[in-house]
Amino acid sequence: MVCGVKTLGQFIIEKQADFPYAKGELSRLLRDIAIAAKIVNREVNKAGLVDILGDIGTTNIQGEEQKKLDVYANEQFIAALTSGGECCIVATEEENEIIHIESPVSQNAKYIVCIDPLDGSSNTDVNVAVGTIFSIYRRKSIDGKASLTDVLQKGTQQVAAGYIIYGSSTMLVYTTGKGVNGFTLDPSIGEFCLSHAEMKMPEVGYLYSINEGNYVHFPDGVKKYLKYCQVEDDATNRPYTSRYIGSMVGDIHRNLIKGGIYIYPTTSKSPSGKLRLLYECNPMAFIIEQAGGKASTGFERILDIEPTELHQRVPIFIGSKTMVEKAEEMMMIYTGAPKILNGKVEAQLENLGIVGGID
Ligand code: AHM
Ligand code: MG
């Protein structure tokens, strides 16, 4: 081992002391996820070489059935969580129903994992960063078989959350509620090594990330916020820079490091937004809050939402605290209750430096 390098495994064991009653189960669960991530990383990296990108059901030159990477990633994470023994239910974005893990080693398992195995997978065809997002809860029920009720917990109940970004380098970033740490995969030793200790998101940012092609479908609050981002104002360093990959992990990872906001709002076409509360929004919100940022629906904190369905979608505004707060203010004024839309709004609009209409 190279002197001075701290691997994810070493770090996890060291941090186990933060949880006085921990018996190592959570550490082993994180280790299982990291192992699957390395396998998925290998396939993502060689995807172009082996033509793994073909449609499901087609046959490759070796006569093997092709699997798309998102299907492959889903299988790898489920397999790792099944053999690891610490997880009783996996809920994955790829499956309609929860998966009960009933292997003999999992009989006393008390953790629930919600996972988006390969987010932004439409980007794999074009060699752009994709990611895995995961969220870990403790089951609430004491005995018997864990159920959907154990999965539908508020984001505040997460015991850990993280993402893996398969990019120009591969990183695993996670939190257990005591700050955020990032590990870069060193391919020469096959280990995630601590590279970004105690990550903090800049409170003020200058990047905004949103699919602006949907502009006509956005609520007025979002339209007004975008105009705010685009207006020239030297004092607040506007106009801000627009950056959108279309891969949530990539966009949020960049904004976490540089400062910025990522928005996927409701649209007239997707009235609940696009992104899933359990697999995407809650874990990202936990990480970003732990790094000093903020995550909301525009009106309420993401982590406070009581889930009602497994694949529930919510709008999300996530990133640097001051940017999210400004967007929330715009949502409250322009998309909130109509009684707020009065003469006072115009005055606030002027204060914000917005000139002209929103269309
Ligand atoms: P997916 O889970 O089907 O990959 O969708 C989630 C992705 C996010 O990573 C990304 O930010 C967003 O969808 C992009 O959506 P759009 O193409 O509508 O901008
Ligand atoms: Mg996704």
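The rules behind the values
Residues numbered from 1 in each chain as written. Chains lettered and ligands numbered in written order. Predicted model: local features only at pLDDT ≥ 70, side-chain atom pairs only at ≥ 80, totals over all residues. Heavy atoms only, no water. UniProt positions renumbered as here; feature names shortened; annotations may be inferred. Axes fitted to C-alpha atoms, helices over the stretch in contact; angles between N-to-C directions. Helix = DSSP H or I, 4+ residues; strand = E, 2+ residues; numbered from the N terminus. Parallel < 35°, antiparallel > 145°, perpendicular 65-115°, else oblique. Left-handed = near helix turned anticlockwise from the far one by under 90°. Contact = heavy atoms within 4.5 Å. Nonpolar A, V, L, I, M, F, W, Y, C, P; charged D, E, K, R; others polar. Buried < 20%, exposed > 50% of the residue type's maximum accessible area, 1.4 Å probe, protein only. Polar contact = N/O pair within 3.5 Å; in protein donor to acceptor, adjacent residues only side chain to side chain. Near = heavy atom within 4 Å. Areas by Shrake-Rupley, 256 points an atom, 1.4 Å probe, with all protein chains shown as cover. Domains from an automatic or database assignment.

By the naming in an unreviewed UniProt entry, the protein is Fructose-1,6-bisphosphatase class 1, taken from Pedobacter jejuensis. Its UniProt record gives the protein the following Subunit (unreviewed entry) comment, quoted word for word: "Homotetramer."

### So, the packing of helix H7 (residues 248-258) against helix H8 (residues 277-290)
Packing of H7 against H8 leaves a shortest axis separation of 12 Å and a crossing angle of 10°. For the element pair H7 / H8, the angle class is roughly parallel. Remark: the crossing between H7 and H8 carries right-handed chirality. Contacts between H7 and H8 involve Met 248, Val 249, Ile 252 and Leu 256 from the former and Glu 280, Met 284 and Ile 288 from the latter.

### Focus on the packing of helix H6 (residues 220-230) against helix H9 (residues 321-334)
H9 packs onto H6 with a crossing angle of 135° between their chain directions and a minimal axis gap of 7 Å. For the element pair H6 / H9, the angle class is oblique. Judged by the twist between their axes, the crossing of H6 over H9 is right-handed. For the pair H6 and H9, the contacting residues are Asp 220, Gly 221, Val 222, Lys 224, Tyr 225 and Tyr 228 in the first and Met 323, Lys 326, Ala 327, Met 330, Met 331 and Tyr 334 in the second. Split into classes, the residues belonging to the contact of H6 with H9 amount to eight nonpolar, one polar and three charged.

### Structural notes on the environment of Asp 186
Looking at the element boundaries, Asp 186 is found in strand S7 (residues 180-186). Relative accessible area serves as the criterion here: at 27%, Asp 186 is assigned to the partly exposed category. Placed 17 residues apart in sequence, Asp 186 and Ser 169 show a C-alpha to C-alpha distance of 8.5 Å. Residues within four places of Asp 186 in sequence aside, it is in contact with Glu 191 and Cys 193. At 2.6 Å, the side chain of Asp 186 forms a polar contact with the side chain of Ser 188.

### Thoughts on the site of ligand 1
Taken together, the neighbourhood of ligand 1 is formed by 15 residues, with Asp 119, Tyr 244, Met 248, Tyr 262 and Tyr 264 sitting nearest. The contact in question runs from an oxygen atom of ligand 1 to an N or O atom on the side chain of Tyr 262, over 2.6 Å. Separating an oxygen atom of ligand 1 from a side-chain N or O atom of Tyr 264 is a distance of 2.5 Å. Bound to the protein, ligand 1 loses 77% of the 480 Å² it would expose on its own. Residue assignment for the shell around ligand 1 shows that the elements contributing at least two residues are strand S3 (111-119) and strand S11 (260-264). By residue class, the composition of the shell around ligand 1 is five nonpolar, five polar and five charged. Among the domains, domain 1 (8-196) and domain 2 (207-352) are the pair contributing at least three residues each to the shell around ligand 1.

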